[in-house]
Structures are given as structure tokens and as C-alpha cells.
Amino acid sequence: YFYDNWVVHVYAGMTADLSIEWKRFRAAKAALNNVLKVENVKKMHIQNAKLIGQCMAELRAYLTMGILTDSFVLDNRHDLLNCLRKCNLAARWRILHRRTTNEVYHEIVCATASEVTADPKLQGVFAVNDTHVVSLLLLSSQLEMQLKYIFTQLLEKKESIWINCRAKASGMMDDLAQYFEGDVTLARVSRHDGLIDWFTSMASEIRDLAYESGDHFTVTGRKIQLCVQALEDVEQYDLVDRDVQVKTFLHESRDLLLQMAKAVGINESITEDIKFISDISYGVESMKSYVKILHSRISKDPSNVNLLQGFFLKLSNSLDGPVERLKQLRSPEVERVTGYYSSQLVAFVRNVLEIVPVSVFGIL
């Protein structure tokens, strides 16, 4: 129990409303009453409505065509994961607390607006309806699916990214060392043995950065950071500072080194983190009430079918929860229980998709 949650998930979509269940226990009820006042419930409802609105705006920005490139995901990995956390936190609170059996709290959490809007209306009663929840789930599951795919691809390409960036960065150091020899055609610069030795040494140091060295990625990242710092320091040297071409090379080299650091920081646990963040086992029972909303969305705009793949994948991940302990105990019932929950998911998917042929023939 947390101070801002009074409807809790028990198991496989079953919930308990503590404001009702704890009535029999005077001490527990008294403790709950300290925070579950009408003013506090209204404040929690408004905070969640604002969070949903913020999440919807972020999701639409991230899901814009062409935004989620490999380089963007590497540069904004933490922001993307934080967005997923906020989305799932907002959805979890709203889905659970719309099931409250306390009439007073239900009236607050399930307040309705006079007009239906695409996003929660952040004024008045701050109404958030099931349509808004479905939109949040569809968009967040789409981002989860795309991030899982991109991170899986990055894990496979991580070594090649490292090798290519290292080769380019060390090559640039060699080019700069050659540049300060003063022998390059059209290079109006005097020979400088100190800078020649420094850039040659830096090229060697970058080539010595080993992806397969066995060092922890934080150690490797620290070594890269020291190289980046060295490149920033040499830029303060007067001969370097007034040469635009050299500064451009140094800037590109730093970017390549930082790309290496970001690539080496990706590991297999990140896909597990996304799976843990996107868990929706608490809401599998609530999903049944969203079928009509999904049908309505598809009927109005058939392109919404594209969002269902991520949504179904999100639901499929919730199948692991009920059988996790059975697997740990090596129970012989694992296969039977898994089969039951799989059949439930298949039935739900069929129920949702039955509108597709109806929509197709309606268009024809």
C-alpha cells in the first residue's frame, strides 16, 4: 500500500479496494483515513489527468515518422525509458482506481465531461474516460514495441558501431597529426612537433580502446570520457583554437567517441527493463471493457489497426506473471496453466479483430 493508491492489484487482474476491504480493521482503516480524504483523492485524480496529458503529448512527438532512429535512441535512451515509466504509471493508477467500489471516490475518478475530447480536458472536473486510457495504452505500447526492436538491433550491431567509430576517430587523429607536419597541400600551417606527437599518441590511445577487453562498460566509458576531455583541453591551445578546420575535426572526433560510449552502455538487460516497465498484468480484466472502444476507433479510422500489434504484444507479456512462481517450482502444471492464459489472450484478440473484416466490407 502507498499513500496515493487505495485500489491494489492482487493477482492476475484481480484487485482489492482497501477503502472497503479494511473497514473491518479499525487501526488499518484509521491509517487509511489519514490520507484518503476527498480533497486528497481530487488532488491525485488531477495529478494523474495532467500526467496522462503530458504523456500523450510526448508519445505523439516520439512516434512521429522518422524520429526514432538509432542515433536518436542512443542519445535519448534515458528520456525514452522515463517516458515509458510515466506512461505506465499513469495508466496503472487510472485503470486500477476506475475500479474503486467506493461511491464517493468513484464519482471523482470517473467524472465525465460534457464533450468527448481526444485528450483529457485539463480543467473543470479533469475528466479522464476509458477512451483516453485506451489511447494512452495504444500509443505507449507502440513506443515500447519500437524501442524493443531498435534496442535488439543495436545489441546486434553494437560491436560494428564500436569498431567503425573507433576507426574513424583514430583516423581523424592521424589526419590532424599529418596536418601539423605542414606538408599537406594548401595547408597554411607551420610544422609543430608537439602537436604531431600529441595527435599521434591520441590516435594510438583511441585504437587501444578494446570492445572485447572484458572491462565493465563503466570502466570503458570512463576511458572514453578521458579521451573526450583531452580533446576538449587541446582545443584551448592557441594554434588549434584559431583553426576552424582543426576544431571541426576535434568536434566530430568527440561525437564519435561519445557514440562509442553510448553503444557500449547498451546491454541485454535493457529489453528486460522495458518488459518490466510495460507490465500490464494488473489490468487484464479491465481490457475486456475496452473492446467496444477499440472497435469504434477501428471503424472510424482503419489505420488504428497498426497500433494493435504493440498492444497485443504488451498483453502477451502479462502471461508470464501467473506462471512465474510455477516455473520456479518446476511445477508440472506450468504447461496447463500457460495454455489456459494463452487461450484467454487468443479469445480477446479474436474479439478485437472481428471488427476488421466488417470495416473492410463496409468500405467496399
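Use the structure listed above.
## Some remarks on the overall build of the protein
Of the regular secondary structure elements, the protein holds 17 helices and two strands. Relative to the compact-globule value of 21 Å for 364 residues, the protein shows a C-alpha radius of gyration of 28 Å, a clear excess of over 25%. In terms of its C-alpha atoms, the protein occupies a principal-axis envelope of roughly 85 × 55 × 50 Å. Every one of the 364 residues in the protein was classed for burial, and the buried ones make up 42%. A separation threshold of at least 6 residues defines the contact pool for the protein, and within that pool the share at least 24 residues apart is 75%. Roughly 20100 Å² of accessible area belongs to the protein as shown, and the carbon and sulfur atoms make up 54% of that amount. Charge separation in the protein, taken as the distance between the mean sites of 42 positive and 45 negative side-chain charges, equals 11 Å.

## Focus: the nonpolar core
Formed by 96 residues in total, the largest nonpolar core has its most connected members in Met173, Leu257 and Phe311. Among the elements that line this core, the one with the most residues is helix 7 (residues 130–179), at 20 residues. Excluding its chain neighbours within four sequence positions, the residues that come into contact with Leu257 are Ala169, Ile206, Leu209, Ile224, Cys227, Val228 and Leu231.

## Regarding the pairing of strand 1 (residues 7–11)
Both strand 1 and strand 2 (residues 14–17) contribute to a ladder of four bridges, which runs antiparallel. Within strand 2, the residue paired with Tyr11 across the bridge is Met14. Counted along the chain from strand 1 to the antiparallel partner strand 2, the turn is two residues long, and its residue Ala12 has a positive phi close to 45°.

## Quick look at helix 14 (residues 308–317)
Among the ten residues that make up helix 14, seven are buried, leaving the element largely enclosed by the rest of the structure. Inspection of helix 14 places Leu308, Gly310, Phe311, Phe312, Lys314, Leu315 and Asn317 among the buried residues, and these make up the whole buried set. Where helix 14 is buried, its residues meet helix 5 (77–97), helix 7, helix 12 (269–277), helix 13 (291–300), helix 15 (320–328) and helix 16 (334–353).

## Considering a nonpolar patch on the surface
Taken together, the side chains of Val10, Tyr11 and Met14 define a hydrophobic patch exposed on the protein surface, amounting to about 300 Å² of accessible area. Tracing the chain through its elements places Val10 in strand 1.

## Describing the packing of aromatic side chains
According to the stated counting rule, one finds nine aromatic pairs in the structure shown. Consider the rings of Trp198 and Phe199, whose centres lie 5.1 Å apart with planes at 90°: the pair is edge-to-face. According to the relative accessible area criterion, Trp198 is partly exposed, its value standing at 28%. Members of the aromatic cluster, joined through ring pairs, are Tyr179, Phe180, Trp198 and Phe199.

## A look at the pattern of salt bridges
In the structure shown here, the tally under the stated rule is eleven salt bridges. Across the pair Lys262 and Asp75 runs a salt bridge, and its minimum N-O distance is 2.5 Å. Pair noted here: Lys262 is in helix 11 (residues 244–264) and Asp75 is in helix 4 (residues 70–75), with a separation of 187 residues, a long-range link. A relative accessible area of 30% places Lys262 in the partly exposed class. Accessibility expressed as a relative area gives 41% for Asp75, which makes it partly exposed.

## A few points about the layout of surface pockets
In this approach a probe as big as a water molecule rolls over the atoms, and the regions it shows empty are the leftover space. Put simply, the largest pocket is a space of about 630 Å³. Lining the largest pocket are 22 residues, and of these Lys275, Phe276, Ile277, Asp279 and Ser281 lie nearest its centre. Within the residue set of the lining of the largest pocket, elements represented by two or more residues are strand 1, helix 5, helix 12 and helix 15. Per-element accounting of the lining of the largest pocket gives the leading share, six residues, to helix 15. Looking at the lining of the largest pocket residue by residue, the classes come out as nine nonpolar, five polar and eight charged.

## Side note on the environment of Leu308
As for its position among the elements, Leu308 is in helix 14. Given a relative accessible area of 4%, Leu308 falls into the buried group. For the pair Leu308 and Val349, spaced 41 residues apart in sequence, the C-alpha to C-alpha distance is 9.3 Å. Those residues in contact with Leu308 that sit more than four places away from it in its chain are Leu138, Leu294, Ile298, Val352 and Leu353.

Cut-off values and rules
- One numbering rule holds for all chains: residues counted from 1, following each sequence as written.
- Where local features are concerned, this predicted model is filtered to residues with pLDDT of at least 70; where side-chain atom pairs are given and counted, the filter is 80 or more; whole-chain, interface and lining totals use all residues.
- The side-chain figures draw on all heavy atoms in the structure; neither hydrogens nor water molecules are used.
- Numbering goes from the N terminus for both helices and strands, where a helix is a DSSP run of H or I of at least four residues and a strand is a run of E of at least two.
- For the radius of gyration, the atoms used are the C-alpha atoms, and the globule rule reads 2.2 Å times the number of residues raised to 0.38.
- With a 1.4 Å probe rolled over the protein chains alone, any residue whose accessible area is under 20% of its type maximum counts as buried; one over 50% counts as exposed, and the rest are partly exposed.
- Note on contacts: a residue pair qualifies if any of its non-hydrogen atoms lie within 4.5 Å across the two residues.
- Per-residue and other accessible areas were derived by the Shrake-Rupley procedure at a 1.4 Å probe size, with only the shown protein chains allowed to occlude residues.
- Neither His nor the chain termini are counted; the positive set is Lys and Arg, and the negative set is Asp and Glu.
- For this purpose, a charge sits on NZ of Lys, CZ of Arg, CG of Asp or CD of Glu.
- Among buried residues, the Ala, Val, Leu, Ile, Met, Phe, Trp, Tyr and Cys ones that are joined through side-chain atoms within 4.5 Å form a nonpolar core.
- What makes two strands pair is DSSP finding at least two bridges between them.
- Like charges within 9 Å and nonpolar side chains (Val, Leu, Ile, Met, Phe, Trp, Tyr) within 5 Å are joined into patches, using only residues over 30% in relative accessible area that form no salt bridge.
- A side-chain nitrogen of Lys or Arg and a carboxyl oxygen of Asp or Glu constitute a salt bridge if their distance falls within 4 Å.
- Classification of ring pairs rests on two measures: the distance between centres of Phe, Tyr or Trp rings, Trp counted by its six-membered ring, which must be within 6.5 Å, and the angle between planes, read as stacked under 30 degrees, edge-to-face over 60 and tilted in between.
- Here the term cavity refers to a set of points on a 1 Å grid, laid over the protein atoms alone, in which a 1.4 Å probe fits but cannot get out; the term pocket refers to an open set having protein on both sides within 12 Å along at least five of seven lines, with lining residues being those that place an atom within 4 Å of a point.
- Grid points are joined across faces, edges and corners, and a volume is the space filled by probe spheres set on the points.
- Note on residue categories: nonpolar means Ala, Val, Leu, Ile, Met, Phe, Trp, Tyr, Cys or Pro, charged means Asp, Glu, Lys or Arg, and polar means any other residue, Gly included.

As far as function goes, none of this settles anything; it's purely spatial.
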